[in-house]
Amino acid sequence: MRCFKAGAAFLCAVLAGAQDIPFKSGISIVEIDAAVVSKAGPIEGLQMNDFAVEDNRQPVKLRYGSQDESPLDVVLVFELTKAMASKLTQIRAAAEMAMAELREGDRVAVMTFSEEARIQQPLTGDLKAVKVLVRNGLYGAAFGGTPYILPAAEAAAKYLAAQPEPHGRRVVVMFTGDAGFALKDQNHMGVAKDLWEADASLSAMVIPNALTRITRDTDPTHYRLLAGFFNLYDYIDDVAEETGGEVVYSASVGSVRQQDNPYTVNANASLREVMRQMRRRYRLYFDMPQGKPGQRRQIHIDLSPEARAVHPDARIIGRRGYVIPKTSTEKRQLEEGHVDRSVW
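Here the structure is a predicted model, which means the values were calculated and not measured.

Undergrad: In this structure, what is going on with the pairing of strand S14 (residues 296–303)? I would like to understand it.
TA: Walk down a regular strand and you will see the side chains alternate between the two sheet faces. Burial along S14 is one-sided: Arg297, Ile299, Ile301 and Leu303 are buried, while Arg296, Gln298, His300 and Asp302, pointing the other way, are not. As judged from the five bridges shared by strand S4 (residues 51–55) and S14, these two strands associate in the antiparallel manner. Paired with Asp55 across the strands is Ile299, a residue of S14. Pairing analysis gives three bridges linking S14 to strand S16 (residues 321–323), with the strands arranged antiparallel. From the neighbouring strand, Arg297 faces S16, where its bridge partner is Tyr322.

Given below as structure tokens:
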């Protein structure tokens, strides 16, 4: 999702089918991305009138819709905590599958985290160098510390927000046990909002470790005991859903079954399909309703009744909100944040 200040020239460009849209003064336009999939795979060929979109529960009239493939700006985020040390083989296999979906024109940054997030590779189009860095970095990685999951996602969002205008669709992909100890940021919607403001979605490959299994314990008699020793709320599943991303599990844990992975039971193949669906999505545009700068607004994307009748099992993958843009000064202050830069 992006919010544009656009004049007549912008609208003419949109209606002509232009995909690279500049910021200009004038009318405010909201752009949202959505993937539509069924059990049989992606649903192609939908038109603007096949979608029904609500903004804060009010139907909106779409100005334009298209489907295209876009390059990606990806931040690969690796959890290198003590709990993940025994999962190196799975992390490396998942990373290889994700990197296999990268194409010329994509840009990639690499981040690692335990208690703090660190940029290992700034955003670059040198995919060969990134692959070498990831392979060598994971091979010699020093695992240690405890996981701070939500702060790592927030750091990735702020890193992307601080970059110039997006080169392609912005995506954060985490490789994590998804069971953290962070106490300083339990605001899941706050992290989702940071990702909305960065125009980024969050997806993840969850590789369950011992902490994951403890925090996903579904026995209600264990809850109070667990809550006394573990933070049961430092996870990113719901944040991914809010931002139009998807979560893949490499194994069943608690009430989550690997069989329920999107696209296929095979976790690595499912992750690659997640990456592929990020690249090819529908773009939908509508006039931004009036509101205060910084206001958070909810979006609901569905198929029209006619399209839903044709595709009854269709699943919509898209963001559930956006933030009305702040002023330039406020945006710059929002984007300021410290992310350590270091070596693996």
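Undergrad: How should helix H2 (residues 88–100) be read in this particular structure?
TA: In an α-helix, one turn spans 3.6 residues, which is why side chains three or four residues apart end up on the same side. In a regular helix each residue adds 1.5 Å, so 13 residues correspond to 18 Å; H2 covers 18 Å between its end C-alpha atoms and thus fits that length. Listed as buried for H2 are Ile91, Ala94, Ala95, Ala98 and Met99. Buried residues along H2 cover an arc of 135° about the axis, so they all sit on one side. The elements touched by buried residues of H2 are strand S7 (72–79), helix H3 (127–139), strand S10 (169–176), strand S11 (200–206) and helix H9 (267–279).

Undergrad: Help me understand the environment of Asp194 in this model?
TA: The residue Asp194 is located in helix H5 (residues 188–197) in this model. Sequence separation of Asp194 and Leu160 is 34 residues, and the distance between their C-alpha atoms is 9.9 Å. With sequence-adjacent residues up to four places away left out, Asp194 is seen in contact with Glu154, Ala157 and Lys158.

Undergrad: Even after reading the chapter, I still don't get the confidence of the model for the chain, so can you show me in this structure?
TA: Averaged over all residues, the pLDDT of the chain equals 84, while 81% of them reach at least 70. The low-confidence segment residues 328–344, where pLDDT is below 50, has 34 contacts with residues more than four positions distant or belonging to other chains.

Undergrad: Hey, could you run me through the packing of H2 against H3 in this one?
TA: Packed helix pairs are specified by the crossing angle of their axes together with the interaxial distance, meaning the distance between the axes. Between H2 and H3, the shortest axis-to-axis distance is 10 Å and the interhelical angle comes to 175°. With respect to H3, the axis of H2 lies roughly antiparallel. Listed contacts from H3 to Leu88, Ile91, Arg92, Ala95, Glu96 and Met99 of H2 are Lys131, Val134, Arg135, Leu138 and Tyr139.

Undergrad: What is the right way to look at the nonpolar core in this model?
TA: The biggest cluster of nonpolar side chains holds 34 residues, and the ones touching the most others in it are Val75, Met111, Val172, Met174 and Ile236. The biggest single contributor to this core is helix H4 (residues 149–161), with ten residues. Not counting the four nearest positions on each side in its chain, Val75 is found in contact with Ala109, Met111, Ala156, Tyr159, Leu160, Val171, Val172 and Val173. The next biggest cluster of nonpolar side chains, apart from the first, holds 30 residues, and it includes Val74, Ala141, Ala267 and Val274.

Undergrad: Is there a simple way to think about H9 in this case?
TA: Across its 13 residues, H9 extends 19 Å between first and last C-alpha, which sits within 8% of the 18 Å expected from 1.5 Å per residue. When H9 is considered as a whole, its buried residues turn out to be Ala267, Ser270, Leu271, Glu273, Val274, Met275, Gln277, Met278 and Arg279. Where H9 begins, the side chain of Asn266 points an oxygen toward the backbone nitrogen of Asn268, at a separation of 3.2 Å.

How each quantity is defined
- Residues numbered from 1 in each chain as written.
- Predicted model: local features only at pLDDT ≥ 70, side-chain atom pairs only at ≥ 80, totals over all residues.
- Heavy atoms only, no water.
- Buried < 20%, exposed > 50% of the residue type's maximum accessible area, 1.4 Å probe, protein only.
- Helix = DSSP H or I, 4+ residues; strand = E, 2+ residues; numbered from the N terminus.
- Pairing = 2+ DSSP bridges.
- Expected span 1.5 Å × (residues − 1).
- Arc of directions from axis to C-beta.
- Contact = heavy atoms within 4.5 Å.
- pLDDT = per-residue confidence, 0-100.
- Axes fitted to C-alpha atoms, helices over the stretch in contact; angles between N-to-C directions.
- Parallel < 35°, antiparallel > 145°, perpendicular 65-115°, else oblique.
- Core = buried A, V, L, I, M, F, W, Y, C linked by side-chain atoms within 4.5 Å.
- Polar contact = N/O pair within 3.5 Å; in protein donor to acceptor, adjacent residues only side chain to side chain.

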